[in-house]
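Take a look at the letters that make up each chain.
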Amino acid sequence: MGEIRIARQTDYDLFSPTTPIVIDNGGSTFRIGWAGESDPRIMFRNVAFRPRHRSTGETVTVVGEHDPALFKYFDCTRSSWRSPFDNNVVYQFEIMEYVLDYGFDRLGASSSMAGKVDHPILMTECICNPVYSRAKMAELLFETYGVPSVAFGVDAAFSYKYNQNLGICAEDGFALSIGFMTTHSIPILKGEPLPEGSCRTNVGGYHVTNYLKEVLSLKYPYHAPSITWEKAEELKREHCYVAPDYPSELQIFKKETKEAEEKKWVWQLPWVPPPQEELPSEEELARKAAIKEKQGQRLREMAAAKRSQKITDLENELHVLETLLSQLDEAELPEVASSILARSGYLSRQEIESAHSRVSQSLRKARGEPAVTVEENTDTATSADKYPLVSIPDEMLTPDQLKEKKRQIFLKTTSEGRLRAKQKRAEEEMMRERQNQLEEGRRLENPELYLEELRAKYKELSEKIDQRKRLKTNGNGNGNGNGTGNGNNVSGGTGRGERLNAAQRERMRLLTTALFDKGKGEDTFGLKDEDWQLYKLMSKDTDDDDDDVVDPDEAELERVAAKLQEFDPSFVGRAEAELMQSTQEPPRPRALTAEDYQVVLGVERFRCPEVLFQPGMIGEYQAGIDEIVSHSLRRLPNLDSSIKDRMCQSIIVTGGGSLLPGLEQRLETGIRATRPYLSPLKIVRAVDSVMDAWRGASVYAASELFSTQTFSLEDYNEKGEDWLKRYNIVYSLYD
Amino acid sequence: MEADVVRSEMVLPPVMPFKRVQMGDKYQKGQSRGRYWKHLKQLLQAENFISLPLDEPNYLNIESPPSMYPSKKYCDITGFEAPYVDPRTKLRYADPEVFKRVRNLPNEHVQRYLALRNAAVIIR
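- As recorded in an unreviewed UniProt entry, chain B goes by Vps72/YL1 C-terminal domain-containing protein and comes from Rhynchospora tenuis.
- Listed under Subcellular location (unreviewed entry) in UniProt, the entry text for chain B is "Nucleus".

- As annotated in an unreviewed UniProt entry, chain A is Actin-related protein 5 from Rhynchospora pubera.
- Per UniProt, the comment on chain A under Subcellular location (unreviewed entry) is "Nucleus".
- Under the Sequence similarities (unreviewed entry) heading, UniProt states for chain A: "Belongs to the actin family."

Shown next as structure tokens:
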């Protein structure tokens, strides 16, 4: 593209006011220069940007490309790069004005004292440009820039003329111009383009670059920020090519032959390997171990101190209780005993004794001695002792005793039940222990097979659960979505012919029968309590929540997952896997390598330019660029077939999009398919596809008869819009 | 303005000596200028091509007709030929491995793939 910073030209004043300025106003690039020169002086991207300057707060305008580092001074978030074009027609004349300002300024017009741009202007436009756009452009040039006269021409025709003068093509031929947003096929007869035969299809370089950018961003979402428009253009320019035969090229890549490997190109993004963690040195390790030891020791000391404190407390309490007991024993008179009791706060001797036994037990536990199971005795005591009344038959008891008996029966059954439950739990524990030991044994003797079995079981279980969940969510999604989407329409999903599963059918049945039958009489729905149970049946949201019972499959899955976590180094948990899939990142149990930072262009190299030949790939149902030539020919029915043959021998491919390698060969195959068998066909690329349009226009503007083709403000005002619509320059100006 | 911004001259000066009317006078500050310009669609509607004689070429006349070749279906993800379509997402895919990838795509990516093919349903 040339240097980013464009120097302002200094020789503006050296050109007389009769020298026209030539502007190639292209969809991607704006080129401006003097007539008669071989190269445009100034070229830049035909876009403008209006960011807000951070420090002053004012909105400024920037045109074309600039050093990206300077944009940090501007707030670039609220605005974007805008083009004056919509498809290939200029519609936004404010931006057009900014672009022209910049172009003229860099050409040196700011140094002139004239107060206007005092040179005739030759500007390019697309063929059959709508008159509104043309009129607005003429207005802009006349009224704002004070231009004396203006001429409009088609860039493809200028390119053809230039190549014709070089002898590349003949007087009759085709100009196939692959532009930014569009491609035109323009028949040229006797040196003049025939608009009635031209054909435009709405694919161009922009679509190829955009397709490449999107496809790469979707394939490598992790690197999406690095895949900018500029980078995509660079990749396209350097690595894309047109496949001579698309299906066979696809096959090469599908079979992954060696040829495919060679054709792949890898773009290595900048990547810094993470710094190696230094292994801590010996002394580091020793120091850390010592610190840990000390901490452990401190904790142990604290625990020991607490324990001894507790023991002394308990001993004291025990001592107090023992003295109390001995006092009570010594006391002979009951009054003394009761007074002692009252003072101590215990109600009876039994209480003191029980407290005593309790304290001595805890003391023993604290000291680490096995607790004497005094409680057990009460349990294992024969039930007859505890529940004396149970064994006595009913007739022999008084009503009070009967009540007592009932209570004892109840207590007995509950305690027996508790015992039984405990036994069962102990049994289960033993069984599980035995199973674990068996599994351990199996694992140790054949680790590989064991892992395989585990993995298979895991997969099976997870699939089962997934399927069940999917069925449920599908059903839910269908039912709920339809319900909310259709409002009162009860029939929901059936309208679309979707197959309802059993649950949904049941729901439908309930809804239709319960709520909507009873044509005669009143609606008696809510009168019976059972009716409201319908809601419970119908509501599918409560399905899972009501289940307090843990799904046995899921429990099994958890167990297997835990085992796999332990033994299998490459296992990735299901929850983790789901998380990963949702963020589209590759699983990272291993460290990042250089390969993760590579973007591979394999199929994309020729897939993206294929858009030009098959616009259906991006959803444009139009003809490809090889087909539009045949459409052009069909639009010229009055032409003799010999003339058509002659024209097909002189097809020029021009425009920026034609720089793709392999394009001409593919075009030839494509166009030959539409022409009669063995009719002559010759396709040539323009000498300089990008610059020839400007060069042709420059040569044209430099010719003496150029001034006969321009129109001035007076002409414009006098002759009106109709005339402007029919205005077309004559391209063959012969001196 | 910062020194290097001034030096690079990237910002357009508000006054250009070769212009008769300056931008500041033409476009008052604070007015929304975007809606002022007619987009191509509106331009073409205003042109009223139907009233014009049919054989004269105009912008719409020269548009290409649909392709005479039937459009081939290519896989949205890999680019190979795609005989199959995923009924849930309507993406085209080439073989079962690609199908797995299709099913695992987040919804945003699905919509972008469809938009690339101009097949996304836009709900406004």
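**Thoughts on the interface of chain A and chain B**
Working step 1: Taken together, the contacts link 88 residues of chain A with 62 residues of chain B.
Working step 2: Both sides together, the interface formed by chain A and chain B hides about 6,700 Å², and carbon and sulfur atoms give 57% of it.
Working step 3: Looking only at chain A, the three residues that lose the most surface to chain B are Y91, R200 and L218 of chain A, adding up to 10% of its buried area.
Working step 4: For the pair chain A and chain B, the interface holds six salt bridges.
Working step 5: Salt-bridge contacts for E63 of chain B lead to R200 of chain A; the nearest nitrogen and oxygen are separated by 2.2 Å.
Working step 6: Linking chain A with chain B are 31 residue pairs in polar contact (both at pLDDT 80 or more).
Working step 7: Of all the secondary structure elements, the ones that give two or more residues to the side of chain A that touches chain B are β6 (62-63), α1 (93-107), α2 (131-144), β15 (199-201), α4 (205-219), α6 (246-254), α19 (574-583) and α22 (627-634) of chain A.

**Points about the nonpolar core**
Residue and element names in this part refer to chain A.
Working step 1: One finds I21, I23, M96, L100, F104, Y145 and F711 to be the most contacted residues of the largest nonpolar core, which totals 82 residues.
Working step 2: The leading source of residues in this core is α1, at nine residues.
Working step 3: Residues within four places of M96 in sequence aside, it is in contact with N25, F30, P84, V90, M137 and L140.
Working step 4: Formed by 70 residues, the second largest nonpolar core is a distinct cluster that contains C199, Y211, V603 and V653.

**What about the sheet that holds strand β10 (residues 121-125) of chain A?**
All names here are of chain A.
Working step 1: One open sheet holds the six strands; their spatial order is β3-β2-β1-β10-β11-β20, and the pairing between them is mixed. For this open sheet the edge positions go to β3 (42-45) and β20 (711-712), each flanked by a neighbour on one side alone.
Working step 2: The pairing of β10 with strand β11 (residues 149-154) spans five bridges and is parallel. If you follow L122 over to β11, its bridge partner there is A151.
Working step 3: Sitting on the sheet, α2 is in contact with β1 (21-25), β10, β11 and β20, with an inclination near 145 degrees to β11.

**Digging into the confidence of the model for chain A**
Residue and element names in this part refer to chain A.
Working step 1: For chain A, per-residue confidence averages 81 on the pLDDT scale, and residues scoring 70 or more make up 82% of the total.
Working step 2: A low-confidence stretch, residues 541-549 stays under pLDDT 50, and its non-local contacts, those more than four residues away or across chains, total six contacts.
Working step 3: Here residues 577-586 scores under 50 on pLDDT; set against residues more than four positions off or in separate chains, the count is twelve contacts.

**Some details on the packing of aromatic side chains**
Working step 1: All chains considered together, the criterion is met by 30 aromatic pairs over all chains.
Working step 2: Centroid distance F93 of chain A to W37 of chain B: 5.9 Å. Interplanar angle 55 degrees. Geometry classified as tilted. Of the two residues, F93 of chain A sits in helix α1 while W37 of chain B sits in the loop between α2 (23-26) and α3 (40-47), which places them in two different chains. With respect to class, F93 of chain A is no different from W37 of chain B; both count as buried.
Working step 3: Ring plane angle 75 degrees and centroid distance 5.9 Å describe the contact between F104 of chain A and F18 of chain B, whose orientation is recorded as edge-to-face. Taken as a pair, F104 of chain A in helix α1 and F18 of chain B in the loop between α1 (3-8) and α2 lie in two separate chains rather than in one. Judged on exposure class, the residue F104 of chain A and its partner F18 of chain B are both buried.

**Considerations on empty space enclosed by the protein**
Working step 1: Tallying each qualifying case throughout the model produces one cavity of 30 Å³ or more.
Working step 2: Put simply, the largest cavity is a space of about 120 Å³.
Working step 3: Forming the boundary of the largest cavity are Y211, R607, G616 and M617 of chain A together with K72, Y74, C75, D76, R92, Y113, L116 and R117 of chain B.
Working step 4: Considering only residue class, the lining of the largest cavity consists of six nonpolar, one polar and five charged.

Analysis parameters
Residues numbered from 1 in each chain as written. Chains lettered and ligands numbered in written order. Predicted model: local features only at pLDDT ≥ 70, side-chain atom pairs only at ≥ 80, totals over all residues. Heavy atoms only, no water. UniProt positions renumbered as here; feature names shortened; annotations may be inferred. Contact = heavy atoms within 4.5 Å. Buried area = accessible area lost by both parts, 1.4 Å probe. Salt bridge = Lys/Arg side-chain N within 4 Å of Asp/Glu carboxyl O. Polar contact = N/O pair within 3.5 Å; in protein donor to acceptor, adjacent residues only side chain to side chain. Helix = DSSP H or I, 4+ residues; strand = E, 2+ residues; numbered from the N terminus. Core = buried A, V, L, I, M, F, W, Y, C linked by side-chain atoms within 4.5 Å. Buried < 20%, exposed > 50% of the residue type's maximum accessible area, 1.4 Å probe, protein only. Pairing = 2+ DSSP bridges. Axes fitted to C-alpha atoms, helices over the stretch in contact; angles between N-to-C directions. pLDDT = per-residue confidence, 0-100. Phe/Tyr/Trp six-rings, centres within 6.5 Å; stacked < 30°, edge-to-face > 60°. 1 Å grid on protein atoms, 1.4 Å probe; cavity = no way out; pocket = protein on both sides within 12 Å on 5 of 7 lines; lining within 4 Å. Points joined across faces, edges and corners; volume = space filled by probe spheres on them. Nonpolar A, V, L, I, M, F, W, Y, C, P; charged D, E, K, R; others polar.

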